[in-house]
Amino acid sequence: MRANLVGALAGLIVLTGLGAAAVLPRLAGPAPAATGAVTIGGPFALVDGHGKTVTDKDFRGRYMLIYFGYTHCPDACPATLNDISLALDKLTPAERARVAPLFITVDPERDTPAMIGDYVAAFSKDLVGLTGDQAAINAAEAEYHVYAERHLLKHGDYAMDHSSIMYVMGPDGGFVGIINDGTKPVEIAQRLKAFGV
Amino acid sequence: MVGLRKFFFLEKEAKTFARLSRTSRRQPCKSFLVLFLKKEVLSVLVLGLCLASPALAAPVVVTSAWARATLPHQDEGAAYLTLQSKSGDTLSDVSSPEAGMVMLHETAQKGGMSNMVDVDHLYLPAGQSVALAPGGTHLMLMDLKHPLQAGDTLHLALHFEKAGTQNVTVKVLGVHATGPVP
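Attention here is on the structure that accompanies the text.

Criteria and thresholds
- Residues numbered from 1 in each chain as written.
- Chains lettered and ligands numbered in written order.
- Predicted model: local features only at pLDDT ≥ 70, side-chain atom pairs only at ≥ 80, totals over all residues.
- Heavy atoms only, no water.
- Helix = DSSP H or I, 4+ residues; strand = E, 2+ residues; numbered from the N terminus.
- Buried < 20%, exposed > 50% of the residue type's maximum accessible area, 1.4 Å probe, protein only.
- Contact = heavy atoms within 4.5 Å.
- Areas by Shrake-Rupley, 256 points an atom, 1.4 Å probe, with all protein chains shown as cover.
- Buried area = accessible area lost by both parts, 1.4 Å probe.
- Salt bridge = Lys/Arg side-chain N within 4 Å of Asp/Glu carboxyl O.
- Polar contact = N/O pair within 3.5 Å; in protein donor to acceptor, adjacent residues only side chain to side chain.
- Nonpolar A, V, L, I, M, F, W, Y, C, P; charged D, E, K, R; others polar.
- Pairing = 2+ DSSP bridges.
- 1 Å grid on protein atoms, 1.4 Å probe; cavity = no way out; pocket = protein on both sides within 12 Å on 5 of 7 lines; lining within 4 Å.
- Points joined across faces, edges and corners; volume = space filled by probe spheres on them.
- Phe/Tyr/Trp six-rings, centres within 6.5 Å; stacked < 30°, edge-to-face > 60°.
- Lys NZ or Arg CZ within 6 Å of the ring centre and 35° of its normal.
- Arc of directions from axis to C-beta.

### Things to note about the overall build of chain A
Secondary structure assignment for chain A yields 6 helices and 9 strands. Counting over 197 residues, chain A shows a buried share of 47%. Of all intrachain contacts in chain A linking residues separated by at least 6 positions in sequence, the fraction that spans at least 24 positions is 66%.

### With respect to the overall build of chain B
Across its full length, chain B holds 3 helices and 10 strands. Within chain B, the fraction of its 182 residues that count as buried is 43%. For chain B, the proportion of contacts with a sequence separation of at least 24, taken over those separated by at least 6, is 68%. Just so you have it, chain B exposes about 10,000 Å², and 59% of that area is on carbon and sulfur atoms.

### Considering the interface of chain A and chain B
Contacts between the two partners involve 30 residues from chain A and, on the opposite side, 33 residues from chain B. Buried surface at the junction of chain A and chain B, summed over both partners, amounts to about 2,500 Å²; 57% is from carbon and sulfur atoms. Taken together, the connections running from chain A to chain B amount to 0 salt bridges. On inspection of chain A and its partner chain B, the count reaches 15 residue pairs in polar contact (both at pLDDT 80 or more). Contributing elements (two or more residues each) for the side of chain A that touches chain B: α2 (76-88), α4 (113-121) and β7 (158-163) of chain A. Of the residues assigned to the side of chain A that touches chain B, the class counts are 15 nonpolar, 9 polar and 6 charged. Sheet topology note: the β7 of chain A/strand β5 (residues 113-118) of chain B ladder contains 2 bridges and is antiparallel. Within β5 of chain B, the position partnered with H162 of chain A by the bridge is S114 of chain B.

### Observations regarding the layout of surface pockets
By volume, the largest pocket amounts to about 320 Å³. Together, 17 residues line the largest pocket, and A79, D83 and K184 of chain A together with P134 and T178 of chain B are the ones closest to its centre. The element best represented in the lining of the largest pocket is α2 of chain A, accounting for 6 residues.

### Regarding the environment of V117 of chain B
With respect to the element layout, V117 of chain B can be found in strand β5. A relative accessible area of 37% places V117 of chain B in the partly exposed class. Each C-alpha atom of the pair V117 of chain B and M140 of chain B lies 11 Å from the other, and the pair is 23 residues apart in sequence. Other than its neighbours up to four places away in sequence, V117 of chain B contacts H151 of chain A together with L104, H105, E106 and A108 of chain B.

### Points about unusual backbone geometry
Residue and element names in this part refer to chain B. Phi is positive for S64, close to 50°, though the residue is something other than glycine. By the element assignment, S64 lies in strand β1 (residues 61-68). Positive phi is not limited to glycine here, since D143 has a value of about 50°. Of note, D143 is situated in strand β8 (residues 137-144).

### Regarding the packing of aromatic side chains
The description of an aromatic ring pair rests on the distance of the ring centres and on the angle between the ring planes. Residues and elements named next belong to chain A. Scanning the entire structure with this criterion turns up 7 aromatic pairs over all chains. Between the aromatic rings of F103 and Y119, the centroid separation amounts to 5.8 Å while the plane-to-plane angle is 20°, which identifies the pairing as stacked. Of this pair, F103 sits in strand β4 (residues 99-105) while Y119 is found in helix α4, placing the two residues 16 residues apart along the sequence. Neither residue differs from the other here; F103 and Y119 are each classed as buried. Three or more aromatic residues link up through ring pairs in this structure, and these residues are Y67, F103, Y119 and F123. A cation over a ring is seen here: R110 above Y158, with NZ or CZ 3.7 Å from the ring centre. The residue whose ring lies beneath R150 is Y158, and the NZ or CZ to ring-centre distance is 4.1 Å.

### Regarding helix α6 (residues 185-194) of chain A
All names here are of chain A. The complete set of buried residues in α6 reads P185, I188, A189 and L192. The arc that holds the buried residues of α6, viewed along the axis, is 100°, so those residues lie on one side. Residues of α6 that are exposed and point more than 90 degrees away from the buried face comprise Q190 and A194. Lining the buried residues of α6 we find β3 (63-69), α2, β8 (165-169) and β9 (175-180). The positive-phi residue at the C-terminal boundary of α6 is G196, with phi of around 110°.

In C-alpha coordinates form, the structure reads like this:
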(Lines give C-alpha, C1' and ligand atoms only; values in the text may rest on other atoms or scores of the structure.)
Protein backbone atom coordinates (compact mmCIF):
# COMPACT_ATOMS: atom_id res chain seq x y z
CA MET A 1 0.00 0.00 0.00
CA ARG A 2 2.76 2.35 1.04
CA ALA A 3 4.81 1.28 -1.99
CA ASN A 4 1.84 2.13 -4.20
CA LEU A 5 1.51 5.55 -2.64
CA VAL A 6 5.20 6.25 -3.04
CA GLY A 7 5.05 5.09 -6.66
CA ALA A 8 2.04 7.28 -7.38
CA LEU A 9 3.72 10.26 -5.73
CA ALA A 10 6.91 9.71 -7.70
CA GLY A 11 4.87 9.43 -10.90
CA LEU A 12 3.08 12.65 -10.10
CA ILE A 13 6.37 14.45 -9.53
CA VAL A 14 7.78 13.13 -12.81
CA LEU A 15 4.61 14.11 -14.70
CA THR A 16 4.63 17.58 -13.16
CA GLY A 17 8.24 17.95 -14.17
CA LEU A 18 7.49 16.85 -17.72
CA GLY A 19 4.54 19.23 -17.90
CA ALA A 20 6.68 22.12 -16.76
CA ALA A 21 9.43 21.14 -19.20
CA ALA A 22 6.88 21.18 -22.02
CA VAL A 23 5.48 24.56 -21.06
CA LEU A 24 8.59 26.41 -19.96
CA PRO A 25 10.46 26.67 -23.29
CA ARG A 26 7.40 28.34 -24.81
CA LEU A 27 7.24 30.81 -21.92
CA ALA A 28 10.96 31.44 -22.10
CA GLY A 29 10.69 32.56 -25.72
CA PRO A 30 9.46 35.97 -26.88
CA ALA A 31 5.99 35.27 -25.53
CA PRO A 32 3.22 37.79 -26.12
CA ALA A 33 1.86 39.69 -23.16
CA ALA A 34 -0.57 37.32 -21.49
CA THR A 35 -1.24 36.14 -18.00
CA GLY A 36 -2.10 32.46 -18.58
CA ALA A 37 0.35 29.72 -19.44
CA VAL A 38 -1.44 28.89 -22.70
CA THR A 39 -1.42 31.63 -25.28
CA ILE A 40 -2.59 31.77 -28.86
CA GLY A 41 -0.61 33.84 -31.30
CA GLY A 42 2.67 35.68 -31.03
CA PRO A 43 5.31 37.49 -33.01
CA PHE A 44 6.13 36.38 -36.54
CA ALA A 45 8.44 37.56 -39.28
CA LEU A 46 7.37 36.23 -42.67
CA VAL A 47 7.54 37.22 -46.35
CA ASP A 48 4.62 38.55 -48.40
CA GLY A 49 3.82 38.14 -52.09
CA HIS A 50 6.18 40.98 -53.03
CA GLY A 51 9.10 39.41 -51.18
CA LYS A 52 8.84 41.99 -48.39
CA THR A 53 9.34 40.96 -44.77
CA VAL A 54 6.17 41.37 -42.78
CA THR A 55 5.83 41.09 -39.02
CA ASP A 56 2.84 40.98 -36.69
CA LYS A 57 3.70 44.54 -35.58
CA ASP A 58 2.85 45.83 -39.08
CA PHE A 59 -0.79 45.09 -38.28
CA ARG A 60 -1.05 46.82 -34.88
CA GLY A 61 -4.17 48.94 -34.71
CA ARG A 62 -6.05 46.50 -36.95
CA TYR A 63 -7.66 43.13 -36.42
CA MET A 64 -5.79 40.25 -37.98
CA LEU A 65 -7.96 37.47 -39.44
CA ILE A 66 -5.49 34.63 -39.87
CA TYR A 67 -5.97 31.36 -41.73
CA PHE A 68 -3.27 28.73 -42.23
CA GLY A 69 -3.33 26.64 -45.43
CA TYR A 70 -1.39 26.05 -48.63
CA THR A 71 -1.81 26.82 -52.31
CA HIS A 72 -1.88 23.21 -53.59
CA CYS A 73 -4.92 22.65 -51.41
CA PRO A 74 -7.71 21.84 -53.88
CA ASP A 75 -10.78 22.10 -51.69
CA ALA A 76 -10.71 23.40 -48.09
CA CYS A 77 -8.42 26.43 -48.61
CA PRO A 78 -10.16 27.89 -51.69
CA ALA A 79 -13.51 27.37 -49.94
CA THR A 80 -12.36 29.18 -46.78
CA LEU A 81 -10.49 32.00 -48.57
CA ASN A 82 -13.54 32.52 -50.72
CA ASP A 83 -15.72 32.70 -47.60
CA ILE A 84 -13.31 35.26 -46.11
CA SER A 85 -13.35 37.41 -49.24
CA LEU A 86 -17.16 37.29 -49.40
CA ALA A 87 -17.31 38.20 -45.68
CA LEU A 88 -15.05 41.22 -46.26
CA ASP A 89 -17.48 42.41 -48.94
CA LYS A 90 -20.19 42.48 -46.28
CA LEU A 91 -18.29 44.94 -44.06
CA THR A 92 -18.50 48.73 -44.38
CA PRO A 93 -15.38 50.35 -45.91
CA ALA A 94 -14.40 51.64 -42.44
CA GLU A 95 -14.77 48.17 -40.88
CA ARG A 96 -12.94 46.57 -43.75
CA ALA A 97 -10.02 48.96 -43.31
CA ARG A 98 -9.67 47.68 -39.74
CA VAL A 99 -9.29 44.04 -40.83
CA ALA A 100 -6.06 42.53 -42.11
CA PRO A 101 -6.87 39.10 -43.58
CA LEU A 102 -3.74 36.92 -43.64
CA PHE A 103 -3.15 33.56 -45.29
CA ILE A 104 -0.06 31.84 -43.85
CA THR A 105 1.27 28.80 -45.67
CA VAL A 106 1.95 25.49 -43.93
CA ASP A 107 3.85 24.38 -47.07
CA PRO A 108 6.75 26.86 -47.45
CA GLU A 109 8.72 24.37 -49.55
CA ARG A 110 6.32 24.76 -52.46
CA ASP A 111 4.76 28.15 -51.71
CA THR A 112 7.15 30.82 -52.92
CA PRO A 113 6.32 34.49 -52.19
CA ALA A 114 5.15 35.05 -55.79
CA MET A 115 2.97 31.96 -55.72
CA ILE A 116 1.21 32.77 -52.48
CA GLY A 117 0.84 36.44 -53.50
CA ASP A 118 -0.86 35.59 -56.79
CA TYR A 119 -2.94 32.91 -55.09
CA VAL A 120 -4.52 35.19 -52.48
CA ALA A 121 -4.96 38.02 -55.02
CA ALA A 122 -7.33 35.71 -56.95
CA PHE A 123 -9.68 35.87 -53.94
CA SER A 124 -9.34 39.43 -52.65
CA LYS A 125 -7.03 42.39 -53.14
CA ASP A 126 -6.98 42.80 -49.34
CA LEU A 127 -5.70 39.30 -48.54
CA VAL A 128 -2.04 39.09 -47.58
CA GLY A 129 -0.31 35.80 -48.39
CA LEU A 130 2.65 34.96 -46.18
CA THR A 131 5.41 32.40 -46.52
CA GLY A 132 8.95 32.13 -45.15
CA ASP A 133 11.66 29.65 -44.40
CA GLN A 134 10.65 26.43 -42.65
CA ALA A 135 11.90 27.68 -39.24
CA ALA A 136 9.85 30.89 -39.45
CA ILE A 137 6.75 28.93 -40.48
CA ASN A 138 7.33 26.36 -37.72
CA ALA A 139 7.54 29.20 -35.18
CA ALA A 140 4.27 30.75 -36.39
CA GLU A 141 2.57 27.34 -36.36
CA ALA A 142 3.76 26.69 -32.80
CA GLU A 143 2.48 30.05 -31.58
CA TYR A 144 -0.93 29.45 -33.08
CA HIS A 145 -0.94 25.76 -32.07
CA VAL A 146 -1.40 24.83 -35.71
CA TYR A 147 -1.03 21.20 -36.69
CA ALA A 148 0.42 20.63 -40.15
CA GLU A 149 1.75 17.40 -41.56
CA ARG A 150 2.54 16.02 -44.97
CA HIS A 151 0.29 13.32 -46.28
CA LEU A 152 1.62 11.38 -49.26
CA LEU A 153 -0.81 10.93 -52.11
CA LYS A 154 -1.01 7.80 -54.23
CA HIS A 155 0.94 9.17 -57.16
CA GLY A 156 3.88 10.46 -55.10
CA ASP A 157 2.80 14.07 -54.62
CA TYR A 158 1.74 15.26 -51.20
CA ALA A 159 -1.07 17.14 -49.54
CA MET A 160 -0.94 18.84 -46.16
CA ASP A 161 -3.20 17.83 -43.32
CA HIS A 162 -3.63 21.01 -41.34
CA SER A 163 -5.62 22.88 -38.71
CA SER A 164 -8.39 24.72 -40.46
CA ILE A 165 -9.48 27.55 -38.17
CA MET A 166 -9.68 31.33 -38.58
CA TYR A 167 -7.97 33.22 -35.76
CA VAL A 168 -9.01 36.76 -34.87
CA MET A 169 -6.32 38.87 -33.20
CA GLY A 170 -7.08 42.30 -31.74
CA PRO A 171 -5.51 45.72 -32.48
CA ASP A 172 -2.91 45.05 -29.74
CA GLY A 173 -1.95 41.72 -31.32
CA GLY A 174 -3.64 39.70 -28.58
CA PHE A 175 -5.97 36.78 -29.17
CA VAL A 176 -9.62 37.72 -29.53
CA GLY A 177 -11.34 34.56 -30.75
CA ILE A 178 -11.65 31.89 -33.40
CA ILE A 179 -14.09 31.32 -36.23
CA ASN A 180 -14.52 27.76 -37.47
CA ASP A 181 -14.09 27.02 -41.14
CA GLY A 182 -17.31 26.26 -42.91
CA THR A 183 -18.87 29.34 -41.28
CA LYS A 184 -20.98 31.20 -43.84
CA PRO A 185 -19.59 34.54 -45.08
CA VAL A 186 -22.46 36.54 -43.58
CA GLU A 187 -21.80 34.94 -40.20
CA ILE A 188 -18.05 35.56 -40.44
CA ALA A 189 -18.86 39.26 -41.00
CA GLN A 190 -21.22 39.25 -38.00
CA ARG A 191 -18.60 37.57 -35.79
CA LEU A 192 -15.97 40.14 -36.82
CA LYS A 193 -18.34 42.99 -35.94
CA ALA A 194 -19.13 41.31 -32.62
CA PHE A 195 -15.39 41.08 -31.88
CA GLY A 196 -15.30 44.89 -32.22
CA VAL A 197 -14.12 45.43 -35.81
CA MET B 1 -42.25 -28.60 -77.59
CA VAL B 2 -38.79 -28.94 -78.99
CA GLY B 3 -38.80 -25.19 -79.47
CA LEU B 4 -39.72 -24.65 -75.82
CA ARG B 5 -36.97 -26.95 -74.56
CA LYS B 6 -34.59 -25.12 -76.82
CA PHE B 7 -35.79 -21.86 -75.33
CA PHE B 8 -35.13 -22.95 -71.72
CA PHE B 9 -31.77 -24.38 -72.63
CA LEU B 10 -30.72 -21.22 -74.35
CA GLU B 11 -32.03 -19.03 -71.61
CA LYS B 12 -30.04 -21.02 -69.07
CA GLU B 13 -26.98 -20.57 -71.24
CA ALA B 14 -27.68 -16.89 -71.58
CA LYS B 15 -27.95 -16.56 -67.81
CA THR B 16 -24.60 -18.23 -67.35
CA PHE B 17 -23.17 -15.91 -69.95
CA ALA B 18 -24.66 -12.95 -68.14
CA ARG B 19 -23.17 -14.08 -64.84
CA LEU B 20 -19.77 -14.26 -66.46
CA SER B 21 -20.21 -10.91 -68.13
CA ARG B 22 -18.89 -7.88 -66.27
CA THR B 23 -22.01 -5.88 -66.90
CA SER B 24 -24.63 -8.10 -65.41
CA ARG B 25 -27.83 -6.35 -66.47
CA ARG B 26 -29.97 -9.18 -67.81
CA GLN B 27 -33.46 -7.84 -67.92
CA PRO B 28 -33.36 -5.84 -71.17
CA CYS B 29 -31.37 -8.61 -72.84
CA LYS B 30 -33.92 -11.24 -71.89
CA SER B 31 -36.67 -9.54 -73.83
CA PHE B 32 -34.43 -9.28 -76.86
CA LEU B 33 -33.59 -12.94 -76.47
CA VAL B 34 -37.25 -13.92 -76.44
CA LEU B 35 -37.89 -11.77 -79.49
CA PHE B 36 -35.07 -13.36 -81.42
CA LEU B 37 -36.10 -16.86 -80.36
CA LYS B 38 -39.66 -16.35 -81.50
CA LYS B 39 -38.35 -15.52 -84.89
CA GLU B 40 -35.92 -18.41 -84.57
CA VAL B 41 -33.08 -16.05 -85.33
CA LEU B 42 -30.59 -16.24 -82.56
CA SER B 43 -27.32 -14.48 -83.00
CA VAL B 44 -24.74 -14.95 -80.29
CA LEU B 45 -23.08 -11.83 -81.60
CA VAL B 46 -26.18 -9.74 -81.02
CA LEU B 47 -26.61 -11.28 -77.58
CA GLY B 48 -23.00 -10.50 -76.75
CA LEU B 49 -23.37 -6.91 -77.86
CA CYS B 50 -26.55 -6.61 -75.87
CA LEU B 51 -24.94 -7.89 -72.68
CA ALA B 52 -21.82 -5.80 -73.11
CA SER B 53 -23.64 -2.55 -73.74
CA PRO B 54 -23.58 -0.39 -70.60
CA ALA B 55 -26.25 1.85 -72.09
CA LEU B 56 -28.81 -0.75 -71.10
CA ALA B 57 -27.93 -0.55 -67.39
CA ALA B 58 -29.79 2.04 -65.32
CA PRO B 59 -27.76 5.19 -65.84
CA VAL B 60 -26.63 7.25 -62.88
CA VAL B 61 -28.23 10.69 -62.89
CA VAL B 62 -25.56 13.36 -62.72
CA THR B 63 -26.56 16.89 -61.76
CA SER B 64 -24.99 20.13 -60.47
CA ALA B 65 -21.63 19.34 -62.05
CA TRP B 66 -19.09 22.16 -61.83
CA ALA B 67 -15.38 22.76 -61.40
CA ARG B 68 -13.63 25.69 -59.81
CA ALA B 69 -11.39 27.75 -62.06
CA THR B 70 -7.78 26.94 -61.25
CA LEU B 71 -5.84 29.38 -59.14
CA PRO B 72 -2.59 31.01 -60.22
CA HIS B 73 0.38 28.61 -60.56
CA GLN B 74 -1.80 25.59 -59.82
CA ASP B 75 -2.02 22.58 -62.08
CA GLU B 76 -4.63 20.97 -59.89
CA GLY B 77 -8.24 21.78 -59.24
CA ALA B 78 -11.48 20.40 -57.91
CA ALA B 79 -14.76 19.33 -59.50
CA TYR B 80 -18.06 18.66 -57.79
CA LEU B 81 -21.28 16.92 -58.79
CA THR B 82 -24.34 15.17 -57.45
CA LEU B 83 -24.98 11.51 -58.26
CA GLN B 84 -28.11 9.45 -57.98
CA SER B 85 -28.58 5.82 -58.94
CA LYS B 86 -32.06 4.36 -59.01
CA SER B 87 -30.89 0.83 -58.30
CA GLY B 88 -27.66 1.55 -56.40
CA ASP B 89 -24.19 1.66 -57.89
CA THR B 90 -20.57 2.43 -57.08
CA LEU B 91 -18.33 5.08 -58.58
CA SER B 92 -15.04 3.28 -58.91
CA ASP B 93 -12.91 5.52 -61.12
CA VAL B 94 -12.90 8.89 -62.83
CA SER B 95 -10.76 10.13 -65.69
CA SER B 96 -10.55 13.27 -67.79
CA PRO B 97 -8.78 14.10 -71.04
CA GLU B 98 -7.86 17.45 -69.48
CA ALA B 99 -6.16 15.98 -66.39
CA GLY B 100 -3.31 13.52 -65.92
CA MET B 101 -5.21 11.94 -63.06
CA VAL B 102 -8.49 12.38 -61.25
CA MET B 103 -8.71 11.27 -57.64
CA LEU B 104 -11.69 10.95 -55.41
CA HIS B 105 -10.93 12.69 -52.13
CA GLU B 106 -12.77 13.61 -49.04
CA THR B 107 -11.80 16.69 -47.07
CA ALA B 108 -12.50 15.47 -43.58
CA GLN B 109 -13.10 18.64 -41.60
CA LYS B 110 -13.60 17.74 -38.01
CA GLY B 111 -12.64 19.62 -34.88
CA GLY B 112 -10.90 22.37 -36.82
CA MET B 113 -8.74 19.94 -38.77
CA SER B 114 -8.66 19.53 -42.52
CA ASN B 115 -7.43 16.14 -43.73
CA MET B 116 -7.57 14.77 -47.23
CA VAL B 117 -8.66 11.17 -47.34
CA ASP B 118 -8.47 8.97 -50.43
CA VAL B 119 -11.81 7.48 -51.37
CA ASP B 120 -11.39 4.33 -53.48
CA HIS B 121 -15.04 3.68 -54.15
CA LEU B 122 -17.99 5.97 -53.69
CA TYR B 123 -21.08 3.93 -52.90
CA LEU B 124 -24.36 5.28 -54.22
CA PRO B 125 -27.25 3.79 -52.21
CA ALA B 126 -30.34 3.10 -54.32
CA GLY B 127 -32.45 6.19 -54.85
CA GLN B 128 -30.27 8.43 -52.68
CA SER B 129 -28.61 11.62 -53.82
CA VAL B 130 -24.88 11.72 -53.09
CA ALA B 131 -23.53 15.26 -53.34
CA LEU B 132 -19.87 16.12 -53.81
CA ALA B 133 -19.46 19.70 -52.56
CA PRO B 134 -16.77 22.11 -51.31
CA GLY B 135 -15.41 21.15 -47.92
CA GLY B 136 -16.43 17.51 -48.40
CA THR B 137 -15.98 14.88 -51.07
CA HIS B 138 -14.51 16.22 -54.29
CA LEU B 139 -12.87 15.09 -57.48
CA MET B 140 -9.28 16.26 -57.31
CA LEU B 141 -7.98 17.04 -60.78
CA MET B 142 -4.24 16.43 -60.89
CA ASP B 143 -1.73 17.49 -63.54
CA LEU B 144 -4.16 19.60 -65.53
CA LYS B 145 -2.97 20.03 -69.09
CA HIS B 146 -4.06 23.68 -69.12
CA PRO B 147 -5.50 26.08 -66.54
CA LEU B 148 -9.29 25.97 -66.16
CA GLN B 149 -10.91 29.34 -66.69
CA ALA B 150 -14.46 30.40 -65.89
CA GLY B 151 -16.63 29.53 -68.88
CA ASP B 152 -14.47 26.57 -69.95
CA THR B 153 -15.83 23.07 -70.22
CA LEU B 154 -14.20 20.08 -68.54
CA HIS B 155 -14.87 16.51 -69.66
CA LEU B 156 -15.13 13.71 -67.16
CA ALA B 157 -15.57 9.98 -67.70
CA LEU B 158 -17.25 8.48 -64.66
CA HIS B 159 -16.76 4.73 -64.33
CA PHE B 160 -19.54 2.99 -62.44
CA GLU B 161 -19.44 -0.68 -61.49
CA LYS B 162 -22.91 -1.37 -62.88
CA ALA B 163 -23.82 1.48 -65.21
CA GLY B 164 -20.46 1.40 -66.94
CA THR B 165 -18.79 4.54 -68.19
CA GLN B 166 -20.72 7.79 -68.42
CA ASN B 167 -19.28 10.91 -69.96
CA VAL B 168 -20.25 14.24 -68.49
CA THR B 169 -19.35 17.79 -69.38
CA VAL B 170 -18.65 20.05 -66.46
CA LYS B 171 -18.93 23.82 -66.42
CA VAL B 172 -15.98 25.73 -65.03
CA LEU B 173 -17.06 28.48 -62.66
CA GLY B 174 -15.03 31.37 -61.19
CA VAL B 175 -13.00 31.04 -58.00
CA HIS B 176 -15.74 32.78 -56.03
CA ALA B 177 -18.35 30.18 -56.96
CA THR B 178 -19.75 27.97 -54.25
CA GLY B 179 -21.83 25.90 -56.67
CA PRO B 180 -23.85 26.18 -59.85
CA VAL B 181 -26.72 28.63 -59.76
CA PRO B 182 -29.88 26.66 -60.45
